Amino acid sequence: MKKQSVARIILVNFLRTIGIMVLLVGVGVLSYYLTMLYLRQTDRVEPSTKYTHVIPVSAGSESSNLIYSHNKESGKVEGMILELFAQDTKNMTYVTIPVDTKITISQDTYQKLIQVNQSLPQTVKMEDIPNYFAGDVAFEYGIMILQEVLPVDIGYFTAIASDKFNVYYEYGKKISDCFTPTDAYLSTLRKCTTEADMKDLIEDMWDDADSNHENYQTSDITLNQKLNYAQALAGVNWDLVHAYAVKGTKETDGFVIDGKKSKKLINKIWESEAYTEAQFETSSGDSSAETTTQNIEIQNASQITGLAARYQSKMQSDGLSVVNIGNFQGMKQDKTTIYAKDKKWAKKTLRSYFPKPKKVSVKSNTEFPKQANAKDPFTEGIDVVIVLGVDAD
């Protein structure tokens, strides 16, 4: 009996030792994988920690992110979007900035920048910024220069390889002169209905790079900072995204930003209530989905000087295509009437521009009053005619 007791004790201790060894090995393996996961979450995705920032970097509750489409082979910027996201309203808005925007740098800023590149010209185009400065910090210098003419807060940048950028965004397809998300990208975003889903997408996009950096994405904020937006982004209605073009003038040698008008546009975006109406066509819904690329003509029948121009300015600032304004050839009108090829679009998009609770009549383009010796605007490429009455003042 005594020998059996000793044997049992030896067996129990042996098994216990084996169990402890297995546990230690398991802990070691788990620690290894957790360490590797940590490294993947830090070293490979934190390029922003590898250089000294030249602008204040901010990933606050209002995300103001300048997105660059960058062609590494040519060194050129091929697209720029200022992405504005308000966590409180869940509004997502994109403001397109032409890459041929030319900027004459102020003397104070120029004196700082020539310390970095003595061959830097004082007048530059945004498309050339990566060729003037080395490394990712070039995109921060781009923000610094852009804010010379666009006096709004830009918190951080995201630079994406041009081929990958074109997977996410397309130019002029839904709104003239604007980048908007592609239908494929919108479809992906709509599937991210939880914070976990959105975090997975952000991490996938953040790390979408190969050894040749053909599809790279870089930023001057960290992945963890970007993930702080995941919960709010999961609550965005991606059918209500809005897009605009920065205000300015197209000249023969480049685009000139109107800083005052552009700042007003961006301030209006930040001050907007939660979006409740779609601004552009998406792949969701039926095949007759509306689109804001319709051409609008405004005719002033109120006899109030400048009324048509006022409406044109407001609608264009909201991204609508108002191509003509003029005076109505018929009698003075007390009430405003909208004539449209697509009545559904006109009711949904245009009624909100007119004083409430007054009702604006929306009619088919076939009901537009025929005017002697006057061309029918609907045969001249016009989709909508707004005839302003006295009630529009």
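About the cut-offs
- Here the residue numbering is sequential within each chain, running from 1 through the sequence in written order.
- Residues qualify for local features only when their pLDDT is at least 70, as the model is predicted, and side-chain atom pairs are given and counted only at 80 or more; totals for whole chains, interfaces and linings, by contrast, use all residues.
- The basis for every side-chain value is the complete set of heavy atoms in the structure, and neither hydrogens nor water enter the calculation.
- Points on a 1 Å grid over protein atoms alone make up a cavity when a 1.4 Å probe fits among them but cannot get out, and a pocket when they form an open set with protein on both sides within 12 Å along at least five of seven lines; lining residues each have an atom within 4 Å of a point.
- Grid points are joined across faces, edges and corners, and a volume is the space filled by probe spheres set on the points.
- We count a stretch as a helix when DSSP gives it H or I for four or more residues in a row; a strand needs E for two or more, and each element gets its number in order from the N terminus.
- Buried Ala, Val, Leu, Ile, Met, Phe, Trp, Tyr and Cys residues that are joined via side-chain atoms within 4.5 Å together make up what is termed a nonpolar core.
- Whether a residue is buried, partly exposed or exposed follows from its accessible area with a 1.4 Å probe, protein chains only, as a fraction of its type maximum: under 20%, in between, or over 50%, in that order.
- Contacts are assigned to residue pairs that have any heavy atoms within 4.5 Å of one another.
- The pairing criterion is simple: DSSP has to find at least two bridges between the two strands.
- Between N-to-C directions, angles cover 0 to 180 degrees, with each direction set by a line fitted to C-alpha atoms, over the stretch in contact for helices.
- Per-residue confidence from the predictor is reported as pLDDT, which spans 0 to 100.
- We define a salt bridge as a side-chain nitrogen of Lys or Arg found within 4 Å of a carboxyl oxygen belonging to Asp or Glu.
- Here a patch means residues that are over 30% exposed by relative accessible area and free of salt bridges, tied together within 9 Å if like-charged and within 5 Å if nonpolar (Val, Leu, Ile, Met, Phe, Trp, Tyr).
- Here the open area of atoms and residues is found with the Shrake-Rupley method and a 1.4 Å probe, where only the protein chains shown may cover a residue.
- For the purpose of counting charges, residues Lys and Arg are taken to be positive, whereas Asp and Glu are taken to be negative. His and the chain ends are not included.
- Charged groups are reduced to one reference atom each: NZ for lysine, CZ for arginine, CG for aspartic acid, CD for glutamic acid.
- As used here, the arc belongs to the directions running from the helix axis to the C-beta atoms.
- Throughout this description, a polar contact denotes any pair of N or O atoms lying within 3.5 Å of each other; where both atoms belong to protein, one of them has to be capable of donating a hydrogen while the other can accept it, and for residues adjacent in sequence the pair is counted only when both atoms sit in side chains.

Caption draft 1: Looking closely at the layout of surface pockets. Considering only enclosed or pocket space, the largest pocket measures out at about 840 Å³ in volume. Forming the boundary of the largest pocket are 36 residues, of which A245, V246, K247, Q316 and S317 lie nearest the centre. Of all the secondary-structure elements, those providing two or more residues to the lining of the largest pocket are β2 (77–86), β10 (242–245), β11 (248–251), α10 (259–271), α11 (307–317) and β14 (321–327). Of the pockets and cavities examined, the second largest pocket occupies roughly 610 Å³. In this structure, the second largest pocket is lined by 20 residues; those nearest its centre are H242, Y244, D318, S352 and Y353.

Caption draft 2: Summary view of the nonpolar core. Residues Y68, L82, I97, I145 and L146 are the most contacted members of the largest nonpolar core, which totals 42 residues. With near-sequence residues (within four places) excluded, Y68 lies in contact with V77, G79, M80, M126, F139, G142, I143, F157, T158, A159, I160 and F165. Listed in part, the 34 residues of the second largest apolar core include I67, F85, W206 and A243.

Caption draft 3: Broad picture of empty space enclosed by the protein. Per the stated rule, a full pass over the model turns up one cavity of 30 Å³ or more. The volume enclosed by the largest cavity comes to roughly 300 Å³. Contributions of two or more residues to the lining of the largest cavity are made by β1 (62–70), β2, β3 (91–96), β6 (156–161), α6 (183–190) and α7 (195–206). Counting residues per element, the lining of the largest cavity draws most heavily on α7, which supplies five residues.

Caption draft 4: Local environment of the sheet that holds β6. Strand order in the open sheet formed by six strands is β9-β6-β1-β2-β3-β10, and the pairing between neighbours is mixed. Looking along the sheet, the strands with just one partner apiece sit at the ends: β9 (217–219) and β10. On average, each strand axis in the sheet is tilted by 20° relative to the strand beside it, whichever way the strands run. Sitting on the sheet, α10 is in contact with β1, β2, β3 and β10, with an inclination near 40° to β2.

Caption draft 5: Structural context of the confidence of the model for the protein. For the protein, the mean per-residue pLDDT works out to 84, and 83% of the residues sit at or above 70. Low confidence marks residues 282–291, where pLDDT is under 50. Its contacts with residues over four positions away, or in another chain, come to 21 contacts.

Caption draft 6: Seen up close, the environment of I382. Following the sequence through the fold, I382 ends up in the loop between β16 (361–364) and β17 (384–388). The buried category is assigned to I382, whose relative accessible area is 2%. Through-space distance from the C-alpha of I382 to that of N324 is 8.8 Å; in sequence the pair is 58 residues apart. In contact with I382, other than residues within four places in its own chain, are N295, E297, V323, N324, K341 and P377.

Caption draft 7: Main features of the pairing of β17. Taking burial as the measure, the five residues of β17 include five buried ones, the bulk of the element. Both faces of β17 are covered, namely the face carrying V384, I386 and L388 and the face carrying V385 and V387. Note that strand β13 (residues 295–300) and β17 share five bridges and pair parallel. Within the sheet, the bridge partner assigned to I298 lies in β17 and is I386. Two elements, strand β15 (residues 337–340) and β17, share four bridges in a ladder whose sense is antiparallel. Bridge assignment links A340 to a residue of β17, and that residue is V384.

Caption draft 8: A look at the pattern of salt bridges. In this structure the tally under the stated criterion is 10 salt bridges. Linking E251 and K102 is a salt bridge whose minimum nitrogen-to-oxygen distance equals 3.0 Å. Of this pair, E251 sits in strand β11 while K102 sits in strand β4 (residues 102–104); the two residues are 149 residues apart in sequence, bridging distant segments of the chain. Where salt bridges share partners, they join E170, K173, K174 and D183 into one cluster.

Caption draft 9: Quick look at the sheet that holds β13. Here five strands make up an open sheet; going across it, the order is β14-β13-β17-β15-β16 and the pairing mixed. Strands with a single pairing partner mark the edges of an open sheet, and in this sheet they are β14 and β16. Recorded for the sheet is a direction-independent mean angle of 20° between the axes of neighbouring strands. Contacts from α11 reach β13, β14 and β17, with the element oriented near 175° to β14.

Caption draft 10: Examining a positive patch on the surface more closely. Together, K260, K261, K264 and K314 line one region of the surface with positive charge. Among the elements that make up the positive patch, the one with the highest residue count is α10 (three residues).

Caption draft 11: Structural view of the pairing of strand β12 (residues 254–257). One ladder, built from four bridges, connects β11 with β12; its direction is antiparallel. What sits directly across from E251, in β12, is G254.

Caption draft 12: Just the side chain of T109, in detail. Tracing the sequence through the fold places T109 in helix α2 (residues 107–113). When near neighbours in sequence (up to four residues on either side) are disregarded, T109 contacts M144 and E148.

Caption draft 13: Expanded view of helix α12 (residues 343–350). Taken together, the buried positions of α12 are W345, A346, T349 and L350. Projected onto a plane normal to the axis of α12, the buried residues spread over an arc of 100° and lie on a single side. Taken together, the buried residues of α12 touch β13, α11, β15, β16 and β17. Two or three places before K344, at the opening of α12, D342 has a side-chain oxygen 3.2 Å from that residue's backbone nitrogen.

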